[in-house]
Number of protein chains: 2
Amino acid sequence: MSVMKESRDAVAVVGAGVIGRSWAFVFSRAGCRTRLYDPDRTQRERAIHWLKTAGAGEGRISAHDEIAEALEGVSYVQESGPENLAAKKAIFAGLDRLAPEDAILASSTSTLDMSAIAEGLPGARRAIVAHPVNPPHVIPVVEVLPGKMTDPEVVARARGFLSAVGQSPVLMNFYVPGFLLNRMQAALVREAIHLVESGVADVGAVDAVIRDGLGLRWAILGPFGVANTNADGGIREYYGRYGGSYAELMNDLGPTPSFDRAQIERLGRRTDAMTNGSRSEILEWRDRLIRKIRDLKQEDPMPRGGSS
Amino acid sequence: MSVMKESRDAVAVVGAGVIGRSWAFVFSRAGCRTRLYDPDRTQRERAIHWLKTAGAGEGRISAHDEIAEALEGVSYVQESGPENLAAKKAIFAGLDRLAPEDAILASSTSTLDMSAIAEGLPGARRAIVAHPVNPPHVIPVVEVLPGKMTDPEVVARARGFLSAVGQSPVLMNFYVPGFLLNRMQAALVREAIHLVESGVADVGAVDAVIRDGLGLRWAILGPFGVANTNADGGIREYYGRYGGSYAELMNDLGPTPSFDRAQIERLGRRTDAMTNGSRSEILEWRDRLIRKIRDLKQEDPMPRGGSS
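What you are looking at is a predicted structure, and each value in this text was computed from that prediction instead of being measured.

### Observations regarding the sheet that holds strand β7 (residues 141-146) of chain B
Residues and elements named next belong to chain B.
Okay, step 1: Read from one edge to the other, the open sheet built from eight strands follows the order β3-β2-β1-β4-β5-β6-β7-β8, with strand pairing classed as mixed. Edge positions in the sheet fall to β3 (61-64) and β8 (168-171), since each of these pairs with one other strand and no more. Ignoring which end each strand starts from, the neighbouring axes of this sheet average 25° apart.
Okay, step 2: Bridge count for β7 against β8 is four bridges, and the pairing is parallel. Among the inter-strand pairings, Glu-143 is bridged to a residue of β8, identified as Val-170.
Okay, step 3: Packing of helix α6 (residues 152-164) onto the sheet brings it into contact with β1 (10-14), β4 (76-79), β5 (104-107), β6 (127-132), β7 and β8, and relative to β8 it is tilted by some 155°.

Given below as structure tokens:
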């Protein structure tokens, strides 16, 4: 992984839950001095224990009782606190007051608009959303999303920093609920549940279609890249020929499921029947395979024609 | 790849286009004597040339001028002819007349219902849909879909045979337009196009979210497997906690795009800006990586707890 100068800067991780500790792994792995803060001491200690067990860059990680201490001299702050607006506003007020003037203040929020979090904040220009995919030390995508007051220079600097520490930042131009990832996931999940609930196929069949079919392509090319390789003439020929059939299918897709207790229990029982490894074993296995897939892609990147 | 006895049987591939030739690769690789038929001599010759270049089990593949000759003594027929009902009906009438009485007659159709193709066919009980993902010699999923008259024993035998030749057959209980794969693909693509067309993000950002985010998970676990690993308490806890937010997002998803000429051209230009390798290089690269991902999964399969 190529690590640029900036990644050796000091970074603060504020909130040491599952997401925060994984961020600490990312930053320390890239060579950053990483300062961990959480108001809950037990949470901090658990995170440090997890980081040690996971073999994260120990010498570069420190835990702090005082947020002011954690923020000293940092150039980037990644906040992963509770997912509600009042809490985020309070945390950002503190970060803005205490962090060095040119430090970027990034939030891991998956649902909130930075325009709302940073409303009335003196340093709103340096506040930005950097929403990871869980867990960020395994999955590289980060959705980067400025608020209305965020300085374009801060957007560029945040993207550069996240690339430098080995993540794959993607830029959103403005806020929509669910951002990109959760919207596309919701679209697919809605139809997956519809296919099971309407009796077309069982949970195992639907999952196999993804993991032995669509997912194999999508680990390598996104939906536009796939469309562009599905016909000799590329995406224009593909959608020119099949756009009509696609539109018919799209209009035939199932409705939003109820997610009531009975439905969740049905899905639960069907999912139990499919898997019988322990959850922690399956998580370890998943993360191990994802790392290997990332290695494959890094060793053999997409051919870039003339652009060397 | 474990190859059972049945896979050494003789198989006929009827229709030698891009899908048919890839099926011939699958069957010959698994050790089947593979007989190729296409009414178009040029098509046949192209397929044989492609199979030789690709290093497919040459000694086991033969091309035939006469369909009756191709069908002699086979236990399984994979039809990959033109995608319209009249053509499929005519082909299946011929297959049913000429193939050995106990041979399975499978169609690669991606859109048609076997109940319609086999209507009035004396051998309707042995006719079934086996829809591959292109190209089947790289991507293992096959959607297996009986018609109303298909014998359950034929369904079981078709699934067993497809597993034996190294594919991953998934069973659908009844026909729905688009089957499983294209419906879920359409659901995701609809939202992907909506996000680009509404200006939220560009084609490159949407594709990166899939290939460096969701696709990495989905190459390993389907949507239910992912939901089951997203909370300590599994899918019940996950949807119990987030079902309401999911439902809100699902109700906020974008509409079916127009796929009119102007829209396709806009998507085409945006996709051009993202990729500049040649299409054939990118296809080779994609297939190479997918094979390696399949190898990873075969070497390190999902932990199965007590079930050894």
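Next comes the rest of the write-up.
### Thoughts on the packing of aromatic side chains
Okay, step 1: What the rule picks out here adds up to 25 aromatic pairs over all chains.
Okay, step 2: Arranged with centres 5.3 Å apart and planes meeting at 50°, the rings of Tyr-238 of chain B and Tyr-239 of chain B form a pair that is tilted. Just as Tyr-238 of chain B is buried, Tyr-239 of chain B falls in that class too.
Okay, step 3: Pairwise contacts between aromatic rings join Tyr-238, Tyr-239, Tyr-242 and Tyr-246 of chain A together with Phe-259 of chain B into one cluster.

### Examining the confidence of the model for chain A
Should pLDDT be low for a region, the predicted coordinates there are not to be read in detail.
Residue and element names in this part refer to chain A.
Okay, step 1: In this model, chain A carries a mean pLDDT of 93, and residues with pLDDT of at least 70 account for 96%.
Okay, step 2: Low pLDDT, under 50, characterises residues 1-7; the stretch is placed with 17 contacts to residues that sit more than four places away or in other chains.
Okay, step 3: Quick note on the complex model: pTM equals 0.94, ipTM equals 0.94.

### Details of unusual backbone geometry
Residues and elements named next belong to chain A.
Okay, step 1: Backbone torsion omega between Asn-134 and Pro-135 reads -10°, so that peptide bond is classified as cis.
Okay, step 2: Residue position: Pro-135 is located in the loop between β6 (127-132) and β7 (141-146).
Okay, step 3: A positive phi is found at Phe-179, a non-glycine position, where the angle reads about 55°.
Okay, step 4: Within the fold, Phe-179 resides in the loop between β8 (168-171) and α7 (181-197).

### A short note on the relation of the copies chain A and chain B
Okay, step 1: For the match of chain A to chain B, the screw axis carries a shift of 0.0 Å, the RMSD comes to 0.0 Å, and the turn is 180°. The transformation just described matches what one would write down for a two-fold rotation axis.
Okay, step 2: Interface overlap between copies is the fraction of interface residues in one copy that are interface residues in the other; for chain A against chain B it reaches 100%, indicating a shared surface.

### Thoughts on the packing of helix α1 (residues 18-29) of chain A against helix α2 (residues 41-53) of chain A
Residue and element names in this part refer to chain A.
Okay, step 1: For the pair α1 and α2, interaxial distance at closest approach is 10 Å and the crossing angle is 45°. Put simply, α1 runs oblique to α2. In this structure, α1 meets α2 at a crossing whose hand is right-handed. On α2, the residues that touch Arg-21, Ser-22, Ala-24 and Phe-25 of α1 are Ala-47, Trp-50 and Leu-51.
Okay, step 2: Grouping the constituent residues of the contact of α1 with α2 by class yields five nonpolar, one polar and one charged.

### Looking at the interface of chain A and chain B
Okay, step 1: The interface of chain A with chain B comprises 116 residues on the first partner and 116 residues on the second.
Okay, step 2: Interface area, chain A with chain B, both sides summed: about 11000 Å², of which 68% is carbon and sulfur.
Okay, step 3: For the pair chain A and chain B, the number of links is twelve salt bridges.
Okay, step 4: In this structure, Arg-236 of chain B engages Asp-272 of chain A in a salt bridge whose closest nitrogen and oxygen atoms are separated by 2.8 Å.
Okay, step 5: Along the contact surface separating chain A from chain B lie 42 residue pairs in polar contact (both at pLDDT 80 or more).
Okay, step 6: Breaking the side of chain A that touches chain B down by element, the ones donating at least two residues are β7, β8, α7, α8 (203-218), α9 (223-229), α10 (234-252), α11 (261-274) and α12 (279-299) of chain A.
Okay, step 7: For the side of chain A that touches chain B, the element with the highest residue contribution is α7 of chain A, accounting for 16 residues.
Okay, step 8: Its residues placed into classes, the side of chain A that touches chain B shows 62 nonpolar, 31 polar and 23 charged.

### Some thoughts on the sheet that holds strand β2 (residues 33-37) of chain A
All names here are of chain A.
Okay, step 1: Taken together, the eight strands give an open sheet; going across it, the order is β3-β2-β1-β4-β5-β6-β7-β8, and neighbouring strands pair in mixed fashion. Lying at the two open borders of the sheet, with one neighbouring strand each, are β3 (61-64) and β8. Pairs of neighbouring strands in the sheet enclose a mean axial angle of 25°, with direction left out of account.
Okay, step 2: Pairing analysis gives four bridges linking strand β1 (residues 10-14) to strand β4 (residues 76-79), with the strands arranged parallel. Bridge pairing links Ala-12 to Val-77 in β4.

### Structural notes on the environment of Ser-62 of chain B
All names here are of chain B.
Okay, step 1: Within the element layout of this structure, Ser-62 appears in strand β3.
Okay, step 2: A residue is classified by how much of its surface remains accessible, and Ser-62, at 27% relative accessible area, is partly exposed.
Okay, step 3: Residues Ser-62 and Pro-257 lie 195 residues apart in sequence; the distance between their C-alpha atoms is 45 Å.
Okay, step 4: Ignoring any residue separated from it by four or fewer positions in sequence, one finds Ser-62 in contact with Thr-34, Arg-35 and Leu-36.

About the cut-offs
- Residues numbered from 1 in each chain as written.
- Chains lettered and ligands numbered in written order.
- Predicted model: local features only at pLDDT ≥ 70, side-chain atom pairs only at ≥ 80, totals over all residues.
- Heavy atoms only, no water.
- Pairing = 2+ DSSP bridges.
- Helix = DSSP H or I, 4+ residues; strand = E, 2+ residues; numbered from the N terminus.
- Axes fitted to C-alpha atoms, helices over the stretch in contact; angles between N-to-C directions.
- Contact = heavy atoms within 4.5 Å.
- Phe/Tyr/Trp six-rings, centres within 6.5 Å; stacked < 30°, edge-to-face > 60°.
- Buried < 20%, exposed > 50% of the residue type's maximum accessible area, 1.4 Å probe, protein only.
- pLDDT = per-residue confidence, 0-100.
- Least-squares fit on C-alpha atoms with pLDDT ≥ 70 in both.
- Parallel < 35°, antiparallel > 145°, perpendicular 65-115°, else oblique.
- Left-handed = near helix turned anticlockwise from the far one by under 90°.
- Nonpolar A, V, L, I, M, F, W, Y, C, P; charged D, E, K, R; others polar.
- Buried area = accessible area lost by both parts, 1.4 Å probe.
- Salt bridge = Lys/Arg side-chain N within 4 Å of Asp/Glu carboxyl O.
- Polar contact = N/O pair within 3.5 Å; in protein donor to acceptor, adjacent residues only side chain to side chain.

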